[in-house]
Number of protein chains: 2
Amino acid sequence: MPEYTTPMRDVQFVLKELLHSGDHYEKLPSEEALGDDLLDAILNEAAKFAENVLAPLNREGDEQGCQWQQGEVITPPGFKEAYQQYVEGAWPGLSASVEYGGQGLPGSLGVVISELVGTANWSWGMYPGLSIGAVRCIEAHGSDEQKDIYLNKLVEGTWTGTMCLTEAHSGSDLGLLRSKAEPRADGSYNISGTKIFISAGEHDMAENILHMVLARLPDAPAGTKGISLFIVPKFMPDHEGNVGERNSVSCGSIEHKMGIKGSATCVLNFDDATGFMVGEANTGLTQMFTMMNAARLGTAIQGLCMSEGAYQGAVAYARERLQMRALTGPKNPDGPADPIIVHPDVRRMLMTQKAITEGQRAFLYWIALLVDKAAYGNEQEYQDADNLLALLTPIAKAFCTETGFEVANLGVQVLGGHGYIREHGMEQIVRDGRIATVYEGTTGIQALDLIGRKVLGSGGKLLKGFTKQVYHYCQDHHKEDAMKEFIEPLQKCNKEWGDLTMAIGEKAMENPDEAGAAAVDYLMYGGYLVLAYMWAQSAKVALDKLDGGTEEEAYYRSKVQTARFYFQRILPRTLSHFASAKAGAEAVMAIDEDNFIF
Amino acid sequence: MPEYTTPMRDVQFVLKELLHSGDHYEKLPSEEALGDDLLDAILNEAAKFAENVLAPLNREGDEQGCQWQQGEVITPPGFKEAYQQYVEGAWPGLSASVEYGGQGLPGSLGVVISELVGTANWSWGMYPGLSIGAVRCIEAHGSDEQKDIYLNKLVEGTWTGTMCLTEAHSGSDLGLLRSKAEPRADGSYNISGTKIFISAGEHDMAENILHMVLARLPDAPAGTKGISLFIVPKFMPDHEGNVGERNSVSCGSIEHKMGIKGSATCVLNFDDATGFMVGEANTGLTQMFTMMNAARLGTAIQGLCMSEGAYQGAVAYARERLQMRALTGPKNPDGPADPIIVHPDVRRMLMTQKAITEGQRAFLYWIALLVDKAAYGNEQEYQDADNLLALLTPIAKAFCTETGFEVANLGVQVLGGHGYIREHGMEQIVRDGRIATVYEGTTGIQALDLIGRKVLGSGGKLLKGFTKQVYHYCQDHHKEDAMKEFIEPLQKCNKEWGDLTMAIGEKAMENPDEAGAAAVDYLMYGGYLVLAYMWAQSAKVALDKLDGGTEEEAYYRSKVQTARFYFQRILPRTLSHFASAKAGAEAVMAIDEDNFIF
């Protein structure tokens, strides 16, 4: 079983040295100043909780899974107790507003904590994770009364939240959803319908569950413009938040899944359940997107979590497992063979894992800072951050989960046959992680959002906001000899992504299928570019430290070496994505749908 | 649950139209002429067995798995009865020699049958699959007495075989194995040691099991040159093959794995078990390679099986699932939405699956013909076929399993959330298939075999045997207008692979790590090139049919369209592999092994 050790040095590198989060925190209207000491204390506490409480429950959570019994869901051994500790540690309210009992710390810090929690035990992390979306949504769109009743409980963690979107016939296409909401005389609604794939939809960890449900009013227009959002509590609360009688929402069954077995994926039946509308009628989808964006970043983090977990397991095994001699002569002459970390192909796998994992961390922590800025910055800061987020969120979600799945599979591969055996835990990372490219919008959906709504939809404006920033970075550093190996390919790719955009955009004006056929290759290109940008910046920080003299020479040298590996061996993937994206839609769409199988 | 339908049209296309197997069969010294009628009858019977008997057991086999009880292994419901039917149908002896009760049909036909069986139920297929290797090994290296006693039983299928190589500390590095063989006065041996990961090592499907065991004689040299091969029967047979008392080999446990749960993966304890040496002392590894080559082709087939299974499931779902409208306007205006097969990104996934699946089939059936030729051809035919096999077998194994795993995952992706749920069967294909890039030599091991032993080891001779053939094919067809779009990129890649070989070879003379660091990218490049060669030939056959007039216009047109997709959207992956392979070992090897994690 792989043990989890918080990658504290790299977390600190990204937060402090790469992103200068301290400067950023200072500007936030946080109730409590988040200086280095407090930051370190919080990180250390979270690390302890992840390593000592959550990680030990992870394997058993997979083996036992959740049990459904007459509508009740029993979570795996220890999950409930761990959640109790989490509540007692006041973690649910870490980045919630002080007004509702939170600690008012930056949301970006919450993202860091969610990496630690999620790598240690992704299934467990989904329960509190879903609540964060509900908090954001009620904060943004709820009435004062709703905030008073519900937010305190969610922030305390005594209640948890859900997102009830999907129905059997309505997944990516929410316009098809049929759940109904009929107004009652008292201002509440009768909610009816069946939702599926509801994570944390039923469980035994909290006193109450608040379902955020999409449904249609009787007179609602068809499609996505006729969807409203409702709060449907599992138990009806009074005005003080004391739970009362059971609402008529029930868990009909839980899914038997490939992985995340400790996370209950529920069928929820709403049978004239009492619901309360959030915000205006027929604006439910927009409101739900408040949660969806948080959820997309939360799922992008799953990419990082599976990468980190698989990387740690693979490095540990590769340093211990003795098989064959190094091609360049024995490295462990007194042993029967050399540790497999000496073999170039094992190195290639470990370096691929390292370059992607650390690159993802830099990327996602940066996005998290942008979310802070969009929430708290002045108009200009808000606009700049929001534009970048609009562009980068679909990339973060799709690219980090796709590459995370690759890194997870490399973990199995490094362990060989042992990787395929359950007790080693590596295959669980693959199974748990496989859902990440699917839920909260598949890779294909993210790619369409990126190229259609964001890039072409803004006439290229959102794209330029990013490529200009990269361009300026390159201009600032292209004369530095040591940076040349990073800046030149970064600049080239940055320009090429723009050219690719133009080429696709032109074709898409003639035929909209052109955007769809290129979308995923286009997104993946962008992902590798973003990581190149992060790696160039990381190399710069490390080179400066090495120049200035440091006691951590080995650490900073490994950063530069990993950046070099990324640029030499990973970034060339853009070549294939470029060619494939540019090839056009014709070959993709040519075959008649009846002629796929004969 | 996905139903399995034999892709008979494509099987026939590859066998008859692409590879002209009829001409090939005529030249074989087969006891029974394999004309079209007999071939079709055998294929139809195999299809029925796969579809009606094996496929229905696949899901339950995964859910129930094998059970270990005090050293006995109980296979999943129906497995035993299906095996009985298989034996009654005389399938085990299909391509075994008539002398030992087989039907003497071409081994290449057996490979086709193994695709059908393996797609329907890979776990089940492993039991008879392992026997094929044992038959080949005893045929090639056994004494006449061993052949008399054992071969008839294996060919009948009343006994099955295993390959006992791996030990806990000795996986890819067989030189480390420690199992002992001590000579007895009667010429037999005392075999002692523990073997792990032994597929079909214990089960309830056959009367007896013959373990082919690698072990060391007391005076054996260290390393791979001191390994001998022994037959260790589960039950001791008399000279008529009647099973007698139990030998002292026992199954200590079975592994709990990510997938192939219906296949028993056993720990086998040999405790002074009675064994009989096969062939000469200390030549066990060479003899085992007789089985390993068959096993590598057999595992390559698993790549095709997972591709085919995932492709069928994805197409069926994509044609039925209604979500959103086509970007170019409604295609199903009377329904609530269009089937997702109209969406370009879904198309991209299905076309990727189709292009890889059908390409793999052409590749692997071709290899299977080469195995026939190497076995039965004259000296020149033998040499040509053997040279091609030496080069192409590691590519077939690694490339088809790597791309098969990609296609399997696309199957999950097309189904979205439903793909992650066990009852739909798509995630099982991923779990069952994940082992394929690992066992019978990992992708990394295959790649080292290819670039080290085969390509550089032969001074490029083996490579040229293949690239010359492609070159001549291109010369033969480059003037045909309709073939230009295929021949030009094929020719370019063919030359480029040679250039890449030279570049790596030169660097590897200075530093052997250069070969290792480039190996997997080099192999994958080769795989995409081989598939391009198969697709160019497939397009040519189809174009000729369309030119000549055919009633199957839709079928042949879809072949050409798929070839086009392959060349436009898949073959460009060579660009990345080329750049990455050429980048060299330095960035791969730079980090000190202690500096991966801080």
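Residues numbered from 1 in each chain as written. Chains lettered and ligands numbered in written order. Predicted model: local features only at pLDDT ≥ 70, side-chain atom pairs only at ≥ 80, totals over all residues.

### With respect to the overall build of chain A
Formally: Helix numbers and strand numbers start at the N terminus; a helix is a DSSP run of H or I with at least 4 residues, a strand a run of E with at least 2. What the globule rule says is 2.2 Å times the number of residues to the power 0.38, and the radius of gyration is computed from C-alpha atoms. By the convention adopted here, residues are in contact when the distance between their C-beta atoms, placed from the backbone, does not exceed 7 Å.
A count of helical and extended segments in chain A gives 18 helices and 11 strands. For a compact globule of 598 residues, the expected C-alpha radius of gyration is about 25 Å, and chain A comes in at 24 Å, within 12% of that figure. Dimensions along the principal axes, computed over C-alpha positions, put chain A at roughly 80 × 60 × 60 Å. Considering only contacts in chain A between residues 6 or more positions apart, those separated by 24 or more positions represent 75%.

### Structural notes on the relation of the copies chain A and chain B
What counts is decided by this rule: Alignment of copies: least-squares fit on C-alpha atoms of residues with pLDDT of at least 70 in both copies.
Placing chain A over chain B gives an RMSD of 0.0 Å and needs a rotation angle of 180 degrees, together with 0.0 Å of translation along the axis. The transformation relating the two chain copies, once decomposed into turn and shift, fits a two-fold axis. Interface overlap between copies is the fraction of interface residues in one copy that are interface residues in the other; for chain A against chain B it reaches 99%, indicating a shared surface.

### Quick notes on the packing of helix 5 (residues 107-120) of chain A against helix 9 (residues 344-376) of chain A
Residues and elements named next belong to chain A. The following threshold applies: Helix axes are fitted to C-alpha atoms over the stretch in contact, other axes to C-alpha atoms as well, and angles between N-to-C directions run from 0 to 180 degrees. Any angle that is under 35 degrees is reported as roughly parallel, and any over 145 degrees as roughly antiparallel; angles of 65 to 115 degrees are reported as roughly perpendicular and all others as oblique. Rotating anticlockwise by less than a right angle from the far helix to the near helix defines a left-handed crossing, while the corresponding clockwise rotation defines a right-handed one.
The contact between helix 5 and helix 9 brings their axes to 8 Å, and the two run at 150 degrees. The orientation of helix 5 relative to helix 9 falls into the category roughly antiparallel. The way helix 5 lies across helix 9 gives a crossing that is right-handed. Here Gly-107, Ser-108, Val-111 and Val-112 of helix 5 come into contact with helix 9, specifically with Leu-364, Tyr-365, Ala-368, Leu-369, Val-371, Asp-372 and Ala-375.

### Things to note about helix 11 (residues 426-433) of chain A
Residue and element names in this part refer to chain A. Where we set the bar: To assign burial, the other C-beta atoms lying within 10 Å of each residue's own C-beta are counted, with C-beta atoms placed from the backbone; 20 or more indicates buried, 12 or fewer indicates exposed, and intermediate counts indicate partly exposed.
Buried residues dominate helix 11, accounting for 8 of its 8 residues. Within the sequence span of helix 11, burial applies to Met-426, Glu-427, Gln-428, Ile-429, Val-430, Arg-431, Asp-432 and Gly-433. Considering only its buried residues, helix 11 is in contact with helix 3 (36-64), helix 6 (122-141), helix 8 (284-320) and helix 10 (379-415).

### Focus on the nonpolar core
Grouped burial of nonpolar side chains is what soluble globular proteins tend to show. Condition: As used throughout, a nonpolar core is a set of buried Ala, Val, Leu, Ile, Met, Phe, Trp, Tyr and Cys residues joined through C-beta atoms within 7 Å of each other.
Core analysis: the largest hydrophobic core is formed by 416 residues, its most contacted members being A:Ala532 and B:Ala532. Once you skip the residues sitting within four places of it in the chain, B:Ala532 turns out to touch B:Pro489, B:Leu490, B:Cys493, B:Tyr566, B:Phe567 and B:Leu571.

### Notes on the packing of helix 13 (residues 461-477) of chain A against helix 14 (residues 484-510) of chain A
All names here are of chain A. Filter applied, for reference: Only Asp, Glu, Lys and Arg are considered charged in this grouping, and only Ala, Val, Leu, Ile, Met, Phe, Trp, Tyr, Cys and Pro are considered nonpolar; every other residue, Gly among them, is considered polar.
One can describe the packing of helix 13 onto helix 14 by two numbers: an axis separation of 10 Å at closest approach and a directional angle of 155 degrees. Classified by the angle between their axes, helix 13 and helix 14 sit roughly antiparallel to one another. By crossing handedness, the relation of helix 13 to helix 14 is classed as left-handed. Each of Leu-463, Thr-467, Val-470, Tyr-471, Cys-474 and His-477 in helix 13 lies in contact with helix 14, whose residues at this interface are Ile-487, Leu-490, Gln-491, Asn-494, Trp-497, Gly-498 and Thr-501. Residues that form the contact of helix 13 with helix 14 fall into these classes: 7 nonpolar, 6 polar and no charged.

### Comments concerning helix 13 of chain A
Since there are 3.6 residues in each turn of an α-helix, residues three or four apart along the chain are aligned in direction. Residues and elements named next belong to chain A. Short version of the rule: Expected span of a helix, by definition, is 1.5 Å for each gap between consecutive residues, and there is one gap fewer than residues. When we speak of the arc, we mean the arc of directions from the helix axis to the C-beta atoms.
Over its 17 residues, helix 13 extends 25 Å from the first C-alpha to the last, a length consistent with the 24 Å expected when each residue adds 1.5 Å. Considered for burial, the residues of helix 13 that qualify are Leu-462, Leu-463, Phe-466, Thr-467, Val-470, Cys-474 and His-477. All buried residues of helix 13 project into a common sector of 120 degrees when viewed along the axis, lining one side. In this structure, helix 13 carries Lys-468, His-472, Gln-475 and Asp-476 as exposed residues pointing more than 90 degrees from its buried face. Contacts from the buried residues of helix 13 go to helix 10, helix 12 (443-456), helix 14 and helix 15 (513-548).

### What about the confidence of the model for chain A?
Filter applied, for reference: Per-residue confidence from the predictor is reported as pLDDT, which spans 0 to 100.
Across chain A, pLDDT averages 96, with 99% of residues at or above 70. Overall fold confidence (pTM) sits at 0.98, and the ipTM for the predicted complex is 0.97.

### Some details on the pairing of strand 3 (residues 159-164) of chain A
Residue and element names in this part refer to chain A. Convention followed: Here, any two strands with at least 2 DSSP bridges between them count as paired.
Within strand 3, 6 of the 6 residues are buried, leaving the element largely enclosed by the surrounding structure. Pairing of strand 3 with strand 6 (residues 208-215), which is carried by 6 bridges, proceeds in the parallel orientation. What sits directly across from Trp-159, in strand 6, is Asn-208.

### Quick look at unusual backbone geometry
For A:Ile260, which is not a glycine, the phi torsion comes out positive at approximately 35 degrees. Summarising the element assignment, A:Ile260 is placed in the loop between strand 10 (249-254) and strand 11 (265-278). Residue classification places A:Ile260 among the buried residues on the basis of 29 C-beta atoms within 10 Å. The backbone of B:Ala200 shows a phi angle near 60 degrees, a positive value even though the residue is not glycine. For B:Ala200, the location among the structural elements is in the loop between strand 5 (189-199) and strand 6 (208-215).

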